[in-house]
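The residues making up each chain are set out below.
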Amino acid sequence: MSIETVLLAVGTEDETQTEQIAREAIAVAEPTGAEVVLTHVFTDEEFDGVRSKLGVDESSEGSTPDAVAERHTTTRALAKALDEAGVDYSIRGAVGDHADEVVGIASAVEADRVVVGGRRRSPTGKAVFGSVAQEVILSSPCPVTFVRDAAA
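Residues numbered from 1 in each chain as written. Predicted model: local features only at pLDDT ≥ 70, side-chain atom pairs only at ≥ 80, totals over all residues. Heavy atoms only, no water.

Caption draft 1: The nonpolar core, seen in detail. Counting 25 residues, the largest nonpolar core has Val6, Leu8, Val36, Leu38, Leu78 and Val115 as its most contacted members. Elements supplying a minimum of two residues to this core: strand S1 (5-10), helix H1 (18-29), strand S2 (35-42), helix H2 (44-53), helix H3 (65-71) and helix H4 (73-85). When residues of this core are assigned to their parent elements, the largest contribution, six residues, is made by H1. With residues up to four places along the chain from it excluded, the contact list for valine 36 reads Val6, Leu8, Ala29, Leu82, Val87, Asp88, Tyr89 and Ser90. (Core = buried A, V, L, I, M, F, W, Y, C linked by side-chain atoms within 4.5 Å. Buried < 20%, exposed > 50% of the residue type's maximum accessible area, 1.4 Å probe, protein only. Helix = DSSP H or I, 4+ residues; strand = E, 2+ residues; numbered from the N terminus. Contact = heavy atoms within 4.5 Å.)

The following block contains the structure:
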């Protein structure tokens, strides 16, 4: 199976593990010359908060999910790592349910692999709060590489 497209899914909570996530995405994409689709998914509340923090007017061209994702700290750090590794990438932003959006975009771009970060949770924590990574793993149209936060 040839890997041509890697979806690298990040969210606002992934700021602490950008180096680990970048290393894993590069390890998959670089040898095959795959393009990485760097995808930042926001909830409605996160999107409004980030847009406000960036000083972006809701009616401006810069208020689209793609534009906001491009300016987010996590996305910029990952883009820098991909640039340094010489890996081709594009940036996409989305607003909605994290897992649903990641799975939907993976299908839309015909991803051959999804790379997603997460942290270790107890069974109770998963039951109470859910797990985006778990839902992506179970619903993804392609194999998923899970990158656990080493600090957790």
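Text resumes after the structure shown.
Caption draft 2: Region of the structure containing the sheet that holds strand S4 (residues 113-118). Taken in spatial order, the five strands line up as S3-S2-S1-S4-S5 in an open sheet, and their pairing is parallel. Both outer strands of the open sheet, strand S3 (89-95) and strand S5 (144-148), are each paired with one neighbouring strand and no more. Along the sheet, successive strands turn relative to each other by an average axial angle of 20°, direction set aside. Where S2 and S3 come together, seven bridges link them in parallel fashion. Bridge pairing in S3 places leucine 38 opposite isoleucine 91. Its contacts with the sheet put helix H7 (residues 132-139) on S4 and S5, and the angle it makes with S5 is roughly 165°. (Pairing = 2+ DSSP bridges. Axes fitted to C-alpha atoms, helices over the stretch in contact; angles between N-to-C directions.)

Caption draft 3: Seen up close, the environment of alanine 106. Looking at the secondary structure, you find alanine 106 in helix H5 (residues 98-108). On the basis of relative accessible area, alanine 106 is assigned to the buried category, the value being 1%. For the pair alanine 106 and proline 141, spaced 35 residues apart in the sequence, the C-alpha separation amounts to 7.0 Å. Setting aside chain neighbours within four positions, we find alanine 106 in contact with Leu7, Ala111, Val114 and Pro141.

Caption draft 4: Inspection of the environment of glycine 86 at higher detail. Among the structural elements, glycine 86 can be located in the loop between H4 and S3. Taking the C-alpha atoms as reference points, glycine 86 and isoleucine 26, separated by 60 residues in sequence, lie 9.2 Å from one another.

Caption draft 5: Spotlight on the pattern of salt bridges. Tallied over the full model, the rule gives one salt bridge. Arginine 51 serves as the salt-bridge partner of aspartate 48, at 2.9 Å between the closest nitrogen and oxygen. Here aspartate 48 and its partner arginine 51 are both found in helix H2, three residues apart, which amounts to about one turn of the helix. Exposure remark for aspartate 48: the relative accessible area of 41% places this residue in the partly exposed category. A relative accessible area of 10% means that arginine 51 is categorised as buried. (Salt bridge = Lys/Arg side-chain N within 4 Å of Asp/Glu carboxyl O.)

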